[in-house]
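Chain and residue survey
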Amino acid sequence: MNVTPVSADITRLTATELGAAYHNGTADPLAVLDACLAEIRARDGDIRAFIELDVEGARAAAKASAARFRDGCPRGPLDGVPVAVKANIAVRGLAWSAGVGFWRNRIAAEDAPAVARLRAAGAVILGTLNMHEGALGATTDNPHFGRCCNPAVPGCTPGGSSGGSGAAVAAGFVPVALGTDTMGSVRIPAAYCGVMGLKPTTGLVSNTGVVPLAWSLDHIGPVARSVDDLALVTQVLACFDPADPVAEPVPAGWTAMPHGRGLAGMRLGLPREIDAVATEPAVREAFAHALDRLRDLGATIRPVAIPGWSPGRARRDGLLISEAEAAELHPELMGPDGTTTPEGVSESFAAALRYGRDASAARLAGAYRRTAEIGVAARAALAGLDAFILPTAPQTAFAHDAPVPAGQADFTALANFAKLPAVSVPVEPMKSANFANDMTFTNFANSANRANPPIGLQFIGPRFGEAAVLRMAAAWTSAFSQPA
């Protein structure tokens, strides 16, 4: 294989583009790995996206991938692609901390099935990523592993709990990262960092090997810089796992790969309930413009009601469920007597677990009932539609030292309660000093634009409708290469 020299710009390529470059001999997995590691070493001291790197393991995987390409037998479209993994997902030989200092020295004996499937597809696992402590929050201001910063909006949070996943992809450290999403923890960082994130249908991707926050709401999902990459990764991750209590058999003929690229004829439902959510003016304006653009592209948008869904109340119910399930699963984090916080656990995290532990059965039963009813109502309201359309978050990335808005997950938690696939894409591509003339969605991170931060647009589709929501996301992103 004759390989041309790889410049630093190789780190801005998507996984799909890297695969094409490997096939045509213009890039090599080892050179791409070296470029990614160079970027991480140069810049992650300020961003703190990574908790741990597996340089030796990644180099061995990249070397094996390069050999497969030389021999003409790559394993598939993810062969040789660098991937990083949120620290609550088990990666063999690395600390399985879930962002909790108490678990800093706990080493994963084996890969989570999701990671194992990526390795089997030839992906190069670089290491584990920073996250909000225990996945219970959406700032990734981690007291044990450092404050993760948003590479797209200096001084601001990348969101969470998968903040390191959003930051690593936005910074160009990796083209793809895995996160987890309990009430929006993949999609919120994607929105804040100006990248893309997918929460799959509940049960499609195995949660085995995830340190649970809320086993009934958790989902593994990818973060990437292109819709095609989201589809490729989800296609690899999908499998039925009988060890996962929420697992569902993958339907015959299911695929994540989007069919068709247009929005013409798409029927989108606009939930009336979002009007009651306190939303930043910039988000409201961008969303209104997006709706106009969607109509111009041929989509039909009509208001719909989701009976019983009050976004703020539902989000609080989901939080209580998360706190209670985490407390039941991780009593050691509340101390041997249940009241003395152990070293390596923040007081705020321990207090949240105790709050869930001490909640009455009646309160918990009410929260489970209401969220279940919302799920049924949402699925019923989706009948006759291709997707719901919402903003991803009511606000943009905010300063780390600013008060944390309560409603970060008001728009995202709906998909978790309803067990539906949901994707977040940028409302518009970001412009940066490095890529000022590039209006694609693959080269816009690191924009350093606090005055014009990223805003996310969310499509929520029917169960096992990953291909449908990704088709809409792809049509939306491709529309920016066309005149408005």
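Located above this text is the structure these notes cover.
One structure accompanies this document, and this report is about it. Since this is a predicted model, take the numbers as computed values, not measurements.

Focus: the overall build of the chain
From N to C terminus, the chain includes 13 helices and 13 strands. With the principal axes as the frame, the chain shows a C-alpha extent of 65 × 55 × 45 Å. Out of the 484 residues belonging to the chain, those deemed buried represent 64%. Within the chain, counting contacts between residues at least 6 apart in sequence, those at least 24 apart form 77% of the total. Carbon and sulfur atoms make up 55% of the accessible area of the chain, which totals about 17,100 Å². Here the chain contributes 40 positive and 45 negative side-chain charges, whose respective centroids are spaced 3 Å apart.

Topic: helix α8 (residues 281–296)
Counted at 1.5 Å a residue, the expected span for α8 with its 16 residues is 22 Å, and the 23 Å between its end C-alpha atoms agrees. Those residues of α8 not exposed but buried are Val283, Ala286, Phe287, Ala290, Leu291, Arg293 and Leu294. Buried residues of α8, viewed axially, fall in a sector of 165 degrees; they line one side. Summarising the geometry of α8, the exposed residues directed more than 90 degrees from the buried face are Pro281, Glu285, His289 and Asp296. In the core, the buried residues of α8 are packed alongside β9 (267–271), β10 (300–304), β11 (387–391), β13 (456–460) and α13 (466–478). Gly298 occupies a position one or two residues after α8 and carries a positive phi of about 105 degrees.

What about the sheet that holds strand β1 (residues 50–53)?
Spatially, 11 strands are ordered β1-β3-β2-β6-β8-β7-β12-β13-β11-β9-β10 in an open sheet, and the strand pairing comes out mixed. Every interior strand has two partners, whereas the edge strands, β1 and β10, have only one. Strand-to-strand, the axes of this sheet are offset by a mean angle of 25 degrees, without reference to chain direction. Of the strand pairs in this sheet, strand β7 (residues 196–199) and strand β8 (residues 220–224) are connected by 2 bridges, and their pairing is antiparallel. Following the sheet pairing, Gly197 is matched in β8 by Val223. Its contacts with the sheet place helix α7 (residues 227–237) against β6 (176–180), β7, β8 and β12 (422–426), and it is angled at close to 150 degrees to β8.

Quick look at the side chain of Asn142
Its location among the elements puts Asn142 in strand β4 (residues 141–142). Within the local environment of Asn142, its side chain forms a polar contact with the backbone oxygen of Met131, the two atoms lying 2.8 Å apart. Polar contacts involving the side chain of Asn142 include one to the main-chain amide nitrogen of His144, which spans 2.8 Å. Among residues more than four places away in sequence, those in contact with Asn142 are Gly99, Asn130, Met131, His132, Glu133 and Arg147.

What to know about the pattern of salt bridges
Oppositely charged side chains can form a pair if their charged atoms are brought close together. Evaluation of the coordinates by the stated rule reveals 16 salt bridges. In this structure, Asp401 and Arg147 form a salt bridge, with 3.0 Å as the shortest nitrogen-oxygen distance. Within this pair, whereas Asp401 is found in the loop between β11 and α12 (413–418), its partner Arg147 is found in strand β5 (residues 146–147), the two being separated by 254 residues in sequence. Taking relative accessible area as the criterion, Asp401 reaches 68% and is therefore assigned exposed. Linked by salt bridges that have partners in common, Arg92, Asp111 and Arg119 make up one network.

Topic: the packing of aromatic side chains
Scanning the entire structure with this criterion turns up 3 aromatic pairs. Consider the rings of Tyr192 and Phe398, whose centres lie 6.1 Å apart with planes at 80 degrees: the pair is edge-to-face. With Tyr192 in helix α6 (residues 187–193) and Phe398 in the loop between β11 and α12, this pair connects stretches of sequence that are 206 residues apart. The two residues Tyr192 and Phe398 agree in class, both being buried. It is Arg106 that lies over the ring of Trp96; its NZ or CZ is 4.6 Å from the centre. Residue placement shows Arg106 over the ring face of Trp103; its charged tip is 4.3 Å from the ring centre.

Observations concerning the packing of helix α4 (residues 113–120) against α7
As a packed pair, α4 and α7 sit with axes 9 Å apart at the nearest point and diverge in direction by 110 degrees. Considering the angle they form, α4 stands roughly perpendicular to α7. Note on packing geometry: the crossing formed by α4 with α7 is right-handed. In this structure, α4 uses Ala114, Arg117 and Leu118 to contact α7, whose residues at the interface are Val233, Val236 and Leu237. Classifying every residue of the contact of α4 with α7 by side-chain character gives 5 nonpolar, no polar and 1 charged.

Digging into the environment of Val169
Counting through the fold element by element, Val169 comes out in helix α5 (residues 163–171). Judged by its relative accessible area of 0%, Val169 is buried. Separated by 148 residues in the primary sequence, Val169 and Asp317 place their C-alpha atoms 31 Å from one another. Here Val169 is in contact with Val174, Pro175, Val176, Ala177, Val195, Val223, Ala224 and Arg225, once residues within four sequence places are set aside.

Digging into unusual backbone geometry
A negative phi angle is the norm for most residues apart from glycine, just as the trans form is the norm for most peptide bonds. Going from Gly160 to Ser161, the amide bond is cis rather than trans, its omega being 10 degrees. You can see Ser161 is positioned in the loop between β5 and α5. At Arg48, a residue that is not glycine, the phi angle is positive and equals roughly 60 degrees. According to the relative accessible area criterion, Arg48 is partly exposed, its value standing at 29%.

Reading guide: rules and limits
- Residues numbered from 1 in each chain as written.
- Predicted model: local features only at pLDDT ≥ 70, side-chain atom pairs only at ≥ 80, totals over all residues.
- Heavy atoms only, no water.
- Helix = DSSP H or I, 4+ residues; strand = E, 2+ residues; numbered from the N terminus.
- Buried < 20%, exposed > 50% of the residue type's maximum accessible area, 1.4 Å probe, protein only.
- Contact = heavy atoms within 4.5 Å.
- Areas by Shrake-Rupley, 256 points an atom, 1.4 Å probe, with all protein chains shown as cover.
- Lys, Arg positive; Asp, Glu negative; His and termini not counted.
- Charge placed at Lys NZ, Arg CZ, Asp CG, Glu CD.
- Expected span 1.5 Å × (residues − 1).
- Arc of directions from axis to C-beta.
- Pairing = 2+ DSSP bridges.
- Axes fitted to C-alpha atoms, helices over the stretch in contact; angles between N-to-C directions.
- Polar contact = N/O pair within 3.5 Å; in protein donor to acceptor, adjacent residues only side chain to side chain.
- Salt bridge = Lys/Arg side-chain N within 4 Å of Asp/Glu carboxyl O.
- Phe/Tyr/Trp six-rings, centres within 6.5 Å; stacked < 30°, edge-to-face > 60°.
- Lys NZ or Arg CZ within 6 Å of the ring centre and 35° of its normal.
- Parallel < 35°, antiparallel > 145°, perpendicular 65-115°, else oblique.
- Left-handed = near helix turned anticlockwise from the far one by under 90°.
- Nonpolar A, V, L, I, M, F, W, Y, C, P; charged D, E, K, R; others polar.

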